[in-house]
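# Architecture at a glance
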Amino acid sequence: MAQFSPVTGRYVTIDVLGDECKVFFLENGEGQPLVCQHTAGCHNHQWRDLLEDEEITRNYRVIAYDLARHGKSDPPKNREWWKEEYRLTADYYTAFIVAFCDALELEDPIFMGSSFGGNVALQLALRHPDRFKAVIPVEAAEYSPGFFLDWWQHPQANAAQVCASGVWDLMAPQSPEKDRWATWFYYSQGSEAFRGDLYFYSVDHDLRGKLDQIDGEKCPVIMLTGDYDYLTTPEDSQRTADQIKGGEFIEMKGIGHFPMSENYPLFKRYLQQALQRIENRTGG
Amino acid sequence: MSQRTETAERWVEDFRRVTNEDPEIQAHGKYFSCSFLLDMEQSRFLVKMHEGKVEEILTNPGPLDERYQFALRASAETWRKFGEEVPEPMYHGIWSASFQRDLRLEGDLLVLMQNLRCFTRQFELLRQIGVPV
């Protein structure tokens, strides 16, 4: 008897500021939509354990997509994308996510993303508080400079290994070795998009002086950050949450920048706290 | 022989052994050939790698011996924390420590990046054998 996963994959074509994007997504579960964004230069398989978690999917429809140019999602179909340097912007990124949620006709989805996905969660809370029930920015801050580097695509270095090993110690050393290596493996696959993603992460995403415009009462913002994250430290996330009206922060102990893929059982405990707080604040 | 010298010599042999016996480095280190300096404030070690094996380790090399390609420099305290079995946050890797603590990466960093996978693994072997400072 074959062991089929309950997770299913489909494509949907969406319009993103004129770009025709054929987007691949995985999903499982019923109930409250929980939309999950992978980290920069990566893909939706980072959410593999959440997607198959029976306890969570009993009440949540978990949806994890590949951003255009990542995983099984191609670059825009109607544009000569190869004639431009890829630099992801906050305008494009947020438009992509809203278009995706609209295409799936999701009502009041909760948005969760890690790293550049966490930073865009803050952008969504600022720009589209009516479109999302709540956001869970993971490993996020109002500003995260320093990672838009040419190293990632240097022709004299092995980009796959530089990207994967360059982010290796964003993970906690005590996270399970097989899961750290799975995360490393994902990063060896995404080197071409990684640098362009980091343009958003370290340059275009800059909410300094704007956090007071986020209404965390209307759209709860529950931030989660691991103490082994050297890029966005718990202090960075705490400082960010403190400036958001109704913003909350939970420090995750013993875990790093890729919590959902480097140590899911530990991450789950903190995620459940965040989901419970959202339920408490929004009435389920 | 002073105790410090004895400790350094034992560490050199341990570092050679765990590197040369490490399945990961030996599986991926065919082109891991470079030389680097580990500056631990109180002692310095020049490590010469050849095809994934330790060719030579010089302890406290003199100025004319120092032909290495890149260097890692940090306080002895930082190196001691690198060598703990489960290092505390920010002492768990060369990037975390260079972003958030006092580790400095110097020299021809392209060589470091060309060998990043194997070098990262070798650095983490310090958690097995500790550091001699």
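What you see is a predicted model; the values in this text were computed from it and never measured. (Residues numbered from 1 in each chain as written. Chains lettered and ligands numbered in written order. Predicted model: local features only at pLDDT ≥ 70, side-chain atom pairs only at ≥ 80, totals over all residues. Heavy atoms only, no water.)

Moving on to the packing of aromatic side chains. Residues and elements named next belong to chain B. Considering all chains together, one arrives at 28 aromatic pairs over all chains under this definition. For the pair Phe36 and Phe119, a centre-to-centre distance of 4.9 Å together with 90 degrees between the ring planes defines the contact as edge-to-face. With Phe36 in strand 1 (residues 34–39) and Phe119 in helix 6 (residues 116–124), this pair connects stretches of sequence that are 83 residues apart. Each of the two residues, Phe36 as well as Phe119, counts as buried. Ring geometry for Phe82 against Phe123: centres 4.9 Å apart, planes inclined by 70 degrees, an arrangement best described as edge-to-face. (Phe/Tyr/Trp six-rings, centres within 6.5 Å; stacked < 30°, edge-to-face > 60°. Helix = DSSP H or I, 4+ residues; strand = E, 2+ residues; numbered from the N terminus. Buried < 20%, exposed > 50% of the residue type's maximum accessible area, 1.4 Å probe, protein only.)

For the rest of this paragraph, the subject is the environment of Glu262 of chain A. Residue and element names in this part refer to chain A. By the element assignment, Glu262 lies in helix 9 (residues 259–262). Glu262 sits 87 residues away from Ser175 along the chain, and the two C-alpha atoms are 6.1 Å apart. Every residue in contact with Glu262, bar those within four places of it in the chain, is listed here: Leu170, Met171, Ala172, Ser175, Pro176, Asp179, Arg180, Thr183, Ile255, Gly256 and His257. (Contact = heavy atoms within 4.5 Å.)

Here we come to the pattern of salt bridges. Any two side chains of opposite charge can pair if their charged atoms end up close together. Using the criterion set out here, one finds 33 salt bridges over all chains in the structure. In this structure, Arg79 of chain A and Glu84 of chain A form a salt bridge, with 2.7 Å as the shortest nitrogen-oxygen distance. By relative accessible area, which is 24% here, Arg79 of chain A ends up partly exposed. We classify Glu84 of chain A as partly exposed; its relative accessible area is 46%. A salt bridge links Glu106 of chain B to Arg73 of chain B, with the nearest nitrogen and oxygen atoms 2.6 Å apart. (Salt bridge = Lys/Arg side-chain N within 4 Å of Asp/Glu carboxyl O.)

On to the sheet that holds strand 2 (residues 44–50) of chain B. All names here are of chain B. In space, the 5 strands of this open sheet follow the order 3-2-1-4-5, with mixed pairing throughout. The two strands at the open ends of the sheet, each matched to only one other strand, are strand 3 (53–59) and strand 5 (104–107). The average angle at which neighbouring strand axes cross in this sheet is 20 degrees, direction not considered. Strand direction decides the pairing type here: strand 4 (residues 70–73) and strand 5, joined by 4 bridges, are antiparallel. Across the sheet, Arg73 pairs through a bridge with Arg104, a residue of strand 5. Across the sheet, helix 1 (residues 3–21) is in contact with strand 1, strand 2 and strand 3; its angle to strand 3 comes to roughly 165 degrees. Those strands touched by helix 6 are strand 1, strand 2, strand 3 and strand 4, and its axis lies near 35 degrees from that of strand 4. (Pairing = 2+ DSSP bridges. Axes fitted to C-alpha atoms, helices over the stretch in contact; angles between N-to-C directions.)

The next point concerns the interface of chain B and chain A. The interface is formed by 22 residues belonging to chain B together with 23 residues belonging to chain A. The contact between chain B and chain A buries some 1900 Å² in all, and 67% of this surface belongs to carbon and sulfur atoms. Ranking the residues of chain B by area buried against chain A places His92, Met113 and Arg117 of chain B at the top, with a combined share of 29%. For the pair chain B and chain A, the number of links is 0 salt bridges. Summed over the shared surface of chain B and chain A, the result is 7 residue pairs in polar contact (both at pLDDT 80 or more). For the side of chain B that touches chain A, the secondary structure elements donating two or more residues are helix 4 (94–100), helix 5 (109–114) and helix 6 of chain B. Element by element, the count of residues in the side of chain B that touches chain A is highest for helix 4 of chain B, at 5 residues. The class makeup of the residues in the side of chain B that touches chain A is 11 nonpolar, 6 polar and 5 charged. (Buried area = accessible area lost by both parts, 1.4 Å probe. Polar contact = N/O pair within 3.5 Å; in protein donor to acceptor, adjacent residues only side chain to side chain. Nonpolar A, V, L, I, M, F, W, Y, C, P; charged D, E, K, R; others polar.)

This part covers the pairing of strand 5 (residues 110–114) of chain A. All names here are of chain A. Here strand 5 lies mainly inside the structure; 5 of its 5 residues are buried. Of the two faces of strand 5, the one lined by Ile110, Met112 and Ser114 and the one lined by Phe111 and Gly113 are each fully buried. The pairing of strand 3 (residues 32–37) with strand 5 spans 4 bridges and is classified as parallel. Pairing of Gln37 across the sheet is with Gly113, part of strand 5. Sheet analysis places strand 5 next to strand 6 (residues 134–138), joined by 5 bridges and oriented parallel.

Let us now look at the nonpolar core. One finds Phe96, Ile97, Phe100 and Phe111 of chain A together with Leu72 and Trp79 of chain B to be the most contacted residues of the largest nonpolar core, which totals 110 residues. Considering each element in turn, this core owes the most residues, 10 residues, to helix 3 (residues 90–103) of chain A. With sequence-adjacent residues up to four places away left out, Phe100 of chain A is seen in contact with Val12, Ile14, Val23, Phe25, Val35, Ile63 and Tyr65 of chain A. Core analysis: the second largest hydrophobic core is formed by 31 residues, Val7, Ile255, Phe267 and Leu271 of chain A among them. (Core = buried A, V, L, I, M, F, W, Y, C linked by side-chain atoms within 4.5 Å.)

Okay, the UniProt feature "domain: AB hydrolase-1" (unreviewed entry) in chain A next. UniProt's entry tags residues 33–145 of chain A with the feature "domain: AB hydrolase-1" (unreviewed entry), counted in the numbering of this structure. This span, residues 33–145 of chain A, is 30% helix and 19% strand, and a straight line between its end C-alpha atoms measures 31 Å. (UniProt positions renumbered as here; feature names shortened; annotations may be inferred.)

Below, the discussion takes up the confidence of the model for chain B. Of all residues in chain B, 99% have pLDDT values of 70 or greater, and the mean over the chain is 96. Predicted complex, confidence summary: ipTM 0.93, pTM 0.97. (pLDDT = per-residue confidence, 0-100.)

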